[in-house]
Amino acid sequence: MTILVTGGAGFIGANFVLDWLAASNEAVINLDKLTYAGNPETLASLQGDARHQLVQGDIGDSALVSRLLAEHQPRAVINFAAESHVDRSIHGPGEFIETNIVGTFRLLEAVRGYWSGLADADIRAQGLAPTGAADKPTKAGFRFLHVSTDEVYGSLGKDDPAFAETHRYEPNSPYSASKAASDHLVRAWHHTYGLPVLTTNCSNNYGPYHFPEKLIPLMIVNALAGKPLPVYGDGMQVRDWLYVKDHCSAIRTVLAGGRLGETYNVGGWNEKPNIEIVQTVCKLLDEMRPKAGGSYASQITYVTDRPGHDRRYAIDARKLEAELGWKPAETFETGIRKTVAWYLANPEWVAHVQSGAYREWVNKQYA
Ligand code: NAD
Ligand code: DAU
């Protein structure tokens, strides 16, 4: 069968597609608007692979989504597509409302139209289904998995317990408010229409192919370029870090065994203050790419804080671990070492992102 992935040219979506096709022969239709964050060059190893089709388009384009669903008959839709950067949402929230809220609504409606036309499993069992239906998804087997964030829960105090799935929603940024709204829409489409949905709320990811506007890749790229390493405020804000491949394995696990209508928090129990992250990156670079004249840490520069900056996120992942047996494969120490090594080994990917040359892939192949 086939799955439809949205936002599969972005950081997490592309890692998901690459991992999926490395482990399975199930085809992937990859619908991505190819915004600044969508980078087809990340998927270069799949060129010519008949199992993968990248379609440039918007999740809010109902006609396109309905056509793709009818044509490819996926057994699941996994929704990664979003505007994802908090700082951008502060400077310009409009796109966040359009894609994360309106786009998710339109996607849900197109998926509901497709899903409601799928065969019931009992018709199939009675042999009443049309010829060739055996390799088509059923209504009961179909899944819509919505990929969301821990930021919907707001900010924790120093001694508060980590976010469980029962924590109230208290989003603080335009980004997190738009993701919270999308989570509520997904929930409502299950309760009202019976759409078989699953939602995951994950903590901060890091790893290969991360766009260098986010903390960890920005620090690596700036350090190597001899630029300042901008730390917001006092640098004591805490984030809970998960290696991106572990997020991808959690999504596969929830897709395979999650209970319908449920949400699952995803995290690796790796809370760290930002300044510690930046110092760790500097230490690894000092070891792997030593520079003349001292440590990269000398480039650390404290800058004005992000407005409304959430102080602490932490994920309680016990539900996912206990119900579905998921565990992350990487510790922060192994994951961050792999990440720094990946950026050192892939200067061309970084250079193309910085120069904008990755956009040429879009113009060349997907215009
Ligand atoms: P990203 O910004 O790297 O990628 C987003 C992708 O979505 C891009 O390829 C972009 O082109 C595409 N896109 C944007 N608008 C679209 C639209 N209207 N239609 C189709 N495609 C569109 O984001 P990411 O970090 O890979 O995050 C993926 C998902 O995971 C998001 O939903 C995000 O909220 C969620 N999430 C991210 C993190 C994290 O730490 N990065 C953690 C938890 C959850
Ligand atoms: O928690 C999950 C979320 O993590 C995802 O939903 C978002 O899509 C993702 O972008 C990420 O949001 P953050 O705002 O936590 O990530 P970011 O990398 O932008 O920042 C991480 C922390 O580092 C945050 O406290 C702000 C700080 N920071 C960030 C940048 C870019 C700095 O101090 N300096 C910087 O230059």
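What counts, and where the lines are drawn
- Residues numbered from 1 in each chain as written.
- Chains lettered and ligands numbered in written order.
- Predicted model: local features only at pLDDT ≥ 70, side-chain atom pairs only at ≥ 80, totals over all residues.
- Heavy atoms only, no water.
- Helix = DSSP H or I, 4+ residues; strand = E, 2+ residues; numbered from the N terminus.
- Rg over C-alpha atoms; globule rule 2.2 N^0.38 Å.
- Buried < 20%, exposed > 50% of the residue type's maximum accessible area, 1.4 Å probe, protein only.
- Contact = heavy atoms within 4.5 Å.
- Areas by Shrake-Rupley, 256 points an atom, 1.4 Å probe, with all protein chains shown as cover.
- Lys, Arg positive; Asp, Glu negative; His and termini not counted.
- Charge placed at Lys NZ, Arg CZ, Asp CG, Glu CD.
- Expected span 1.5 Å × (residues − 1).
- Disulfide = S-S within 2.5 Å.
- Pairing = 2+ DSSP bridges.
- Axes fitted to C-alpha atoms, helices over the stretch in contact; angles between N-to-C directions.
- Near = heavy atom within 4 Å.
- Polar contact = N/O pair within 3.5 Å; in protein donor to acceptor, adjacent residues only side chain to side chain.
- Core = buried A, V, L, I, M, F, W, Y, C linked by side-chain atoms within 4.5 Å.

Asks: Would you mind showing me how to read the overall build of the chain here?
Replies: When you go through the chain residue by residue, the secondary structure sums to 13 helices and twelve strands. For 367 residues, the compact-globule formula gives about 21 Å, and the C-alpha radius of gyration of the chain, at 21 Å, lands near that figure. Principal-axis analysis of the C-alpha atoms places the extent of the chain at approximately 75 × 50 × 40 Å. Per-residue burial for the chain yields a buried fraction of 53% across its 367 residues. In the chain, of all internal contacts separated by at least 6 residues, the share reaching a separation of at least 24 is 80%. About 15,200 Å² of surface is accessible on the chain, with carbon and sulfur atoms providing 53% of the total. One way to put it: in the chain the 35 positive side-chain charges average out to a point 1 Å from where the 41 negative ones average out.

Asks: It is not clear to me how unusual backbone geometry should be interpreted in this structure. Could you clarify?
Replies: Even without being glycine, Q73 reaches a positive phi, approximately 45 degrees. Mapped onto the elements, Q73 comes out in the loop between α2 (62-72) and β4 (76-79). In this structure, Y209 is a non-glycine residue whose phi angle is positive, near 70 degrees. Tracing the sequence through the fold places Y209 in the loop between β7 (204-206) and α7 (215-225).

Asks: How do you make sense of helix α6 (residues 174-193) when you look at a structure like this?
Replies: What sets the pattern is the α-helix's 3.6 residues per turn: residues three or four places apart point alike. Between its terminal C-alpha atoms α6 stretches 28 Å, which fits the 28 Å expected from 20 residues at 1.5 Å a residue. What α6 keeps buried is the set Y175, S176, S178, K179, A180, S182, D183, V186, W189 and H190. In this structure, the buried residues of α6 make contact with α3 (86-91), α4 (94-116), β5 (143-149) and β6 (197-202).

Asks: Before we go on, may I ask you to explain the state of the cysteines in this structure?
Replies: Note on terminology: a disulfide is the covalent bond linking the sulfur atoms of two cysteines. Following the criterion strictly, the structure yields zero disulfides and no others. C202 takes part in no disulfide bond, and the closest cysteine sulfur, belonging to C248, lies 9.3 Å away.

Asks: Just checking my understanding: could you explain helix α9 (residues 274-288) for this structure?
Replies: Its 15 residues place the ends of α9 21 Å apart at the C-alpha level, agreeing with the 21 Å of an ideal helix rising 1.5 Å per residue. Burial in α9 covers these residues: N274, I275, I277, V278, V281, C282, L284 and L285. Against the buried residues of α9 lie α7, β8 (229-232), β9 (238-243), β11 (271-273), β12 (300-303) and α11 (332-345).

Asks: Can you help me understand the sheet that holds strand β10 (residues 263-266) in this one?
Replies: What links the strands of a sheet is backbone hydrogen bonding, and the strands pair in either a parallel or an antiparallel sense. Taking strand neighbours across the sheet as the criterion, the seven strands line up as β3-β2-β1-β4-β5-β6-β10 in an open arrangement whose pairing is parallel. This sheet does not close on itself; its edge strands, each paired only once, are β3 (52-56) and β10. Neighbouring strand axes in the sheet, compared pairwise and without regard to direction, differ in orientation by 20 degrees on average. Bridge count between β6 and β10: four bridges; the pairing is parallel. Across the sheet, the residue bridging to N201 is N265, located in β10. Where α2 meets the sheet, its contacts fall on β1 (2-6), β2 (27-32), β3 and β4, and the angle it forms with β2 comes to roughly 175 degrees. Sheet strands in contact with α4 are β1, β4 and β5, and its direction is about 165 degrees off that of β5.

Asks: How should I be thinking about the site of ligand 1 in this particular structure?
Replies: Around ligand 1 lies a shell of 28 residues, among which I12, D32, S84, Y175 and K179 are the nearest. For ligand 1, an oxygen atom lies 2.7 Å from a polar atom in the side chain of K179. Within the residue set of the shell around ligand 1, elements represented by two or more residues are α1 (11-23), β5, α6 and β7. Sort the elements by how many residues they give to the shell around ligand 1 and β5 lands first, with three residues.

Asks: Got a minute to help me understand the nonpolar core in this structure?
Replies: Generally speaking, nonpolar side chains in soluble globular proteins are found buried as a group. Counting 42 residues, the largest nonpolar core has I3, F16, L43, I78 and L145 as its most contacted members. Mapped by element, the contributors of at least two residues to this core are β1, α1, β4, β5, β6, α8 (244-257) and β10. A per-element tally of this core places α1 first, with seven residues. If we skip the residues at most four places from it in the chain, L145 touches V77, I78, N79, L198, T200, I251, V254 and L255. Membership of the second largest hydrophobic core comes to 31 residues, among which are V231, L285, W349 and V353.

Asks: Where do I start with the site of ligand 2 in this structure?
Replies: Ligand 2 sits among 24 residues. The nearest are D150, Y175, N204, R306 and H309. Contacts to ligand 2 include L215, whose backbone N or O atom sits 2.8 Å from an oxygen atom. At 2.9 Å from an oxygen atom of ligand 2 is found a side-chain nitrogen or oxygen belonging to R239. Counting only elements with at least two residues in the shell around ligand 2, the list comes to α7 and β8.

Asks: Would you explain the environment of H210 in this entry?
Replies: Considering the arrangement of structural elements, one finds H210 in the loop between β7 and α7. For H210 and A37, which are 173 residues apart along the polypeptide, the C-alpha to C-alpha distance reads 9.3 Å. Each residue touching H210, except ones within four places of it in the same chain, is listed here: F11, N205, P217, Y343 and W349.

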